[in-house]
Amino acid sequence: MSYIPISDRDKMEMLAKIGVNSVEELFSSIPENVRLKKDLNLPAPRSEMEVLDYFTEKGKKNDFSRYLHFLGGGAYEHFIPAVVDYLSSRSEFVTPYTPYQPEVSQGTLQVIFEFQTLICQLTGLDMANASLYDGATGAAEAILMGYRLKNKKRLLVASNVNPQYREVIYTYTKNLGLEVVEIPYDQSGRIDRAGLTASLNDDTSVLLCQSPNYFGVIEDVKSLAELAHNQGALLAVVISEPVSLGLLEAPGKLGADIVTGEAQSFGLPLSFGGPFLGFMACKKEFVRQMPGRIAGQTVDVEGRRGFVLTLSTREQHIRREKATSNICTNQAHCALRATIYLETLGHEGLKKLAWLNLQKAAYAAEQLTSLPGVSRKFSGPVFNEFVLEFPDRWEKIDKKLQEKGILGGLALGHHYSGLENCALITVTEVHHKEKIDAYVQALKEVLS
Amino acid sequence: MINIIREPLIFEISSPGKTAVRLPEMDVPEKKDLLADVPLRKEIEGFPEVSETELTRHFVRLSQMNYCVDFGFYPLGSCTMKYNPKINEKVAAMPDFTSGHPLLPEDLVQGNLELMKTLEKLLLEITGMDAITLQPAAGAHGELTGMMLIRAYHTAQGNPRKYVLIPDSAHGTNPSSAHLCGYVVKEIKSNERGTVSLEDLEKEMTEEVAALMLTNPNTLGVFESDICQIADIVHAKGGFLYMDGANLNAMVGVARPGDMKVDVLHLNLHKTFSTPHGGGGPGSGPVAVKRILEPFLPVPVIEEKEGRFHLNYNRPFSIGRVKSFYGHFLVMLKALAYILTLGPRGLREVAEVAVLNSNYIRKSLEGIYHLKYETPTLHECVFSDKFQKDYGVTNLDISKRLLDYGLHPPTMSFPLIVHGALMIEPTETESKRDLDLFIEAMKAIAKEARENPELLKSAPHVTYVRRLDEVLAARNPVLRWEKTG
């Protein structure tokens, strides 16, 4: 089964038309010495039923479904309405290419235009692109965009930005002769003011912060923007939990110049980490330095509204090595899912969802910290994630909690020295009160 | 396609108080002052509000404005728009795979890790390479990763080197990826066969050149027959041969890049391995390397020990991460399902029929459309609008007219070395009937070009919208909906 609809008879007719005797002859340009003389050493072909059995069996080797988890840190479990899976699974959305022929791609293009609009509304900025790979590459692209706009080699990154995002930033920048400086955090869990002021000078292109940051703490975006702008630098904000935007003031309204992030929370399953959905928005005047595809509105010859991919002189297929990014294939279908998800929730739905997340996390934090020896590590305000400090190393507590069927949070010690006794705990709308109470009870038993 | 109903933007059919989902009620005691000192928003300005019926009809109508592989022939050259098998989608939607958090303890995700390791092994056998990373998100991301590996190697030898050589027929992502990796791009001119000139390469290849980036078969569909000599020239100066695997569909099961002295190769799972394009993504761009580059692969790498799978982050020479987590896991599953379904013979048949179909189209349209290079081609062929230019008709007009015939046009205006290019890649999943429909349409259009060129210049006529003003879109960018009045 190779999904090949050419019969042997078709083959003979086609070979005759081409004027060769065998398919083999068509490969004569491949030198004999590099041609395979035998079959690839691959498993024998399987029937559809056997393929399904194979994956079912491997799926059973995963053993996480019996656990109650409170994991986040850049990947979040949220409820996904049935309509998202149903509509996004349509062939017409799953199997087209990039909409380079706009007359027969208005569906995809209008979805991108709606996605860009939703991202602008959420971030409070003027322009958004059609998507990037994920939050981590979005953060790296934002840093590089800031560098192109200001052309100064000093780039500041807060140390409370998701460690994986920072790793990708280093991977992307280290070949380009740029100087990435990390800014420490303080006892509130926010960017340390003294540390920032010491590093922020007029050689700086951009400051990248995350809000809510990796500790779940909401940064003071407004004052960070002021500090950056006073030194002639840009402020880029990366967001890994965009549900927070249902509640928090849009970073663009607080002075952010570029907002990027991870939109997995908007209707994408956890999927062991991918595919996820990067997004990016910016102020109008920076759009020509934006990476990635952008859809725009225009008219057809009869004056009817339509959409096309536009401003493509920024992109690799036109500008080659002078492009703003090398990105080509993006996360279009993930952006479609996010668009359906956000339009399903709507204005009131997203606000309510954010409120549920805030309140449930607050309840969990309150209940957990009522146990002796458990306390909030940072004093800053949080959304749906928070860091707790325990009386012992988190790994030890984590292990005992797992014996009780609870995955209680993410370790922080391997990324941050001094946080060996701490964990990052995430609570969303999927955590009913009983689940939170079960966690509290299990921890109580573990600690006693 | 239903072209009668003009579907507004969701924002234009929104009205206050509607939603398409009911969320659970609050079941914990509420606190009012949680974010007392944090600026909160009163509203999300302009955010839509619709019912589930309106939402569903909106997206069903939008979907019907799209052309897609499940509807018909999609001969985009170098894009490999093959059929996307449905079993792959079913596998990737299984809750055991969709619901796992990426930071779960390794013991709880042994199934996921085993599947990824299995895909790695199968791809290494298919490509003849030694080691692989599945982390890159797409082809261009794979290119960047591959160039980073090369740079890391050279840097470890004391000099990252300065240049990367790229043929003028290359896809735009090649120079862009090399540049993003800190290299200066030097273009190599194609010879009269449309392939790399060994003389030119010899001249340009110095000890300051880090690598040659080569697409093979190239974007003309021509196999670089001198591939081994090319590799020798590059290796003699200590450089690496990078192969862009975008066109691997032409030789899968027939020949392996690893046997052609290729050092680094990226694959597009969304091309050769049948995962859907989704309107532009997500893809997946694994990078395979020879042993010498293995220490530099991104972290983490999956290791197997006594039947258990482990993510190793302790790799001192690694270039680091190129994205979050481990890559596009669900896309990997689809590619794995595909390879397991086809087996070794099935994969070979893919290349054989892809090449047969392409040559059938080429032969059928020769003389009707201009073929700049007469060199034999594999999986794709590149015609141009040279004959039709006499009637004032361009490749754009031909493409737009194809839409009226219910067919998707070929890739236009690429590769850059063919002026007015029409780059056709049929893939192996087209029936002879569909190939003939396309051939007949192309012949009819060539006739129309002579007899009624205006019909082409004003095409398309029967699509949901007609020719769109792209100049206006770029000159006066409207990139989002805004509330008016």
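Residues numbered from 1 in each chain as written. Chains lettered and ligands numbered in written order. Predicted model: local features only at pLDDT ≥ 70, side-chain atom pairs only at ≥ 80, totals over all residues.

Describing the overall build of chain A
Next up, step 1: Along chain A, the regular secondary structure elements total 14 helices and 15 strands.
Next up, step 2: Out of the 448 residues in chain A, the part that is buried amounts to 60%. (Helix = DSSP H or I, 4+ residues; strand = E, 2+ residues; numbered from the N terminus. Buried ≥ 20, exposed ≤ 12 C-beta atoms within 10 Å, placed from the backbone.)

Notes on helix α8 (residues 163-173) of chain A
What sets the pattern is the α-helix's 3.6 residues per turn: residues three or four places apart point alike.
Next up, step 1: Of all eleven residues making up α8(A), nine are buried, and the element is well covered by its neighbours.
Next up, step 2: The elements touched by buried residues of α8(A) are α7 (135-150), β3 (154-158), β4 (179-183) and β6 (234-239) of chain A together with α5 (139-156) of chain B. (Contact = placed C-beta atoms within 7 Å.)

Focus: unusual backbone geometry
The general pattern is negative phi for most residues beyond glycine and trans for most peptide bonds.
All names here are of chain B.
Next up, step 1: Look at the link from Gly-281 to Pro-282: it is a cis peptide, with omega at 5°.
Next up, step 2: Its place among the elements puts Pro-282 in the loop between β6 (264-266) and β7 (287-289).
Next up, step 3: In this model, Lys-261 sits at a positive phi of 65°, which is unusual for a non-glycine residue.
Next up, step 4: Counting through the fold element by element, Lys-261 comes out in the loop between β5 (240-244) and β6.
Next up, step 5: Note on Lys-261: 18 C-beta atoms within 10 Å, which makes it partly exposed.
Next up, step 6: One non-glycine residue, Ser-413, lies in the positive phi region at around 60°.
Next up, step 7: Along the polypeptide, Ser-413 turns up in the loop between β12 (411-412) and β13 (421-424).
Next up, step 8: A residue is classified by how many C-beta atoms lie within 10 Å of it, and Ser-413, with 18 of them, is partly exposed.

Brief notes about the sheet that holds β3(A)
Either a parallel or an antiparallel arrangement is found when strands of a sheet pair, and the pairing is made through backbone hydrogen bonds.
Residue and element names in this part refer to chain A.
Next up, step 1: The strand order across the open sheet formed by seven strands is β2-β8-β7-β6-β5-β3-β4, and the pairing between neighbours is mixed. Two strands close off the open sheet at either side, each with one partner strand: β2 (127-128) and β4.
Next up, step 2: Where β3 and strand β5 (residues 204-210) come together, four bridges link them in parallel fashion. The residue bridging Val-157 from the neighbouring strand is Leu-208, located in β5. (Pairing = 2+ DSSP bridges.)

Looking at the packing of helix α3 (residues 48-60) of chain A against helix α9 (residues 329-365) of chain B
Next up, step 1: The contact between α3(A) and α9(B) brings their axes to 10 Å, and the two run at 135°. Relative to α9(B), the element α3(A) lies oblique. Judged by the sense of rotation from one axis to the other, the crossing of α3(A) with α9(B) is right-handed. Every residue of α9(B) that contacts α3(A) at Val51(A), Tyr54(A) and Phe55(A) is listed here: Ala337(B), Leu340(B) and Thr341(B).
Next up, step 2: Classifying every residue of the contact of α3(A) with α9(B) by side-chain character gives five nonpolar, one polar and no charged. (Axes fitted to C-alpha atoms, helices over the stretch in contact; angles between N-to-C directions. Parallel < 35°, antiparallel > 145°, perpendicular 65-115°, else oblique. Left-handed = near helix turned anticlockwise from the far one by under 90°. Nonpolar A, V, L, I, M, F, W, Y, C, P; charged D, E, K, R; others polar.)

What to know about the interface of chain A and chain B
Next up, step 1: Listed per partner, the contact involves 155 residues of chain A and 169 residues of chain B.
Next up, step 2: The element contributing the most residues to the side of chain A that touches chain B is helix α12 (residues 332-369) of chain A, with 21 residues.
Next up, step 3: The residue inventory of the side of chain A that touches chain B, partitioned by class, reads 77 nonpolar, 47 polar and 31 charged.

Remarks on the nonpolar core
Next up, step 1: Counting 305 residues, the largest nonpolar core has Ala139(A), Ile143(A), Leu208(A), Ala236(A), Leu149(B) and Leu241(B) as the members making the most contacts within it.
Next up, step 2: Per element, the largest residue contribution to this core is 22 residues, and it comes from α9(B).
Next up, step 3: When residues no more than four places from it in sequence are discounted, the contact partners of Leu149(B) are Val264(B), Val289(B), Leu293(B), Phe296(B), Leu297(B) and Ile319(B). (Core = buried A, V, L, I, M, F, W, Y, C linked by C-beta atoms within 7 Å.)

Brief notes about the environment of Asp263(B)
Next up, step 1: Considering the arrangement of structural elements, one finds Asp263(B) in the loop between β5 and β6.
Next up, step 2: Along the backbone, Asp263(B) and Val234(B) are 29 residues apart, and their C-alpha atoms lie at a distance of 11 Å.

So, the sheet that holds β5(B)
All names here are of chain B.
Next up, step 1: Spatial ordering of the open sheet is given by β1-β7-β6-β5-β4-β2-β3, a layout of seven strands whose pairing is mixed. Pairing within the sheet leaves two strands with one partner each, and these edge strands are β1 (131-133) and β3 (184-188). The mean angle between the axes of side-by-side strands here comes to 20°, regardless of whether they run parallel or antiparallel.
Next up, step 2: In this structure, β6 lies alongside β7, joined through three bridges in antiparallel fashion. Looking across to β7, one finds that Val-264 is bridged to Val-289.
Next up, step 3: Along the sheet face, helix α6 (residues 173-180) touches β2 (163-167), β3, β4 (209-215) and β5 and points at about 175° away from the line of β2.
Next up, step 4: With respect to the sheet, helix α8 (residues 227-236) is in contact with β4 and β5, its orientation differing from that of β5 by roughly 135°.

So, the domain arrangement of chain B
Residues and elements named next belong to chain B.
Next up, step 1: Structurally, chain B comprises domain 1 (87-341) and domain 2 (343-464).
Next up, step 2: Centre-to-centre separation of domain 1 and domain 2, based on C-alpha positions: 30 Å.
Next up, step 3: Facing 19 residues of domain 1, the contacting portion of domain 2 comprises 21 residues.
Next up, step 4: Partitioned by chemical class, the residues of the side of domain 1 that touches domain 2 number nine nonpolar, eight polar and two charged. (Domains from an automatic or database assignment.)

Description of the pairing of β5(B)
All names here are of chain B.
Next up, step 1: Extensive coverage of β5 is indicated by the burial of five of its five residues.
Next up, step 2: Burial along β5 is two-sided: the face carrying Phe-240, Tyr-242 and Asp-244 and the face carrying Leu-241 and Met-243 are both buried.
Next up, step 3: As paired elements, β4 and β5 share five bridges and run parallel to each other. Within β5, the position partnered with Thr-215 by the bridge is Asp-244.
Next up, step 4: The parallel pair β4 and β5, bridged by α8, forms a crossover whose chirality is right-handed.
Next up, step 5: Note: β5 against β6, three bridges, orientation parallel. (Right-handed = clockwise from strand over helix to strand, strands pointing away.)

Some thoughts on the domain arrangement of chain A
Residue and element names in this part refer to chain A.
Next up, step 1: The domain architecture assigned to chain A consists of domain 1 (68-79 + 347-447) and domain 2 (82-340).
Next up, step 2: If you look at the interface, domain 1 gives 25 residues, while domain 2 gives 25 residues.
Next up, step 3: Elements with a contribution of two residues or more to the side of domain 1 that touches domain 2: α12 and β12 (385-389).
Next up, step 4: The element that contributes the greatest number of residues to the side of domain 1 that touches domain 2 is α12, accounting for seven residues.
Next up, step 5: Across the side of domain 1 that touches domain 2, the residue classes tally to 14 nonpolar, eight polar and three charged.

Focus on the packing of α3(A) against helix α4 (residues 110-127) of chain B
Next up, step 1: Look at α3(A) against α4(B): their axes get within 6 Å of each other, and the N-to-C directions meet at 135°. Taken together, the axis directions place α3(A) and α4(B) in an arrangement best described as oblique. Residues Lys58(A), Gly59(A) and Lys60(A) of α3(A) form the contact with α4(B), whose participating residues are Gly111(B), Glu114(B) and Leu115(B).
Next up, step 2: The residue makeup of the contact of α3(A) with α4(B), split by class, is one nonpolar, two polar and three charged.

Focus on the pairing of strand β8 (residues 278-282) of chain A
All names here are of chain A.
Next up, step 1: With five of its five residues buried, β8 lies for the most part within the structure.
Next up, step 2: The two faces of β8 match: Gly-278, Met-280 and Cys-282 on one face and Phe-279 and Ala-281 on the other face are all buried.
Next up, step 3: With two bridges connecting them, β2 and β8 associate as antiparallel partners. Bridge pairing in β8 links Ala-128 to Ala-281.
Next up, step 4: Taken together, the five bridges between strand β7 (residues 258-262) and β8 define a ladder with antiparallel strand orientation. Counted as the bridge partner of Gly-261 is Phe-279 from β8.

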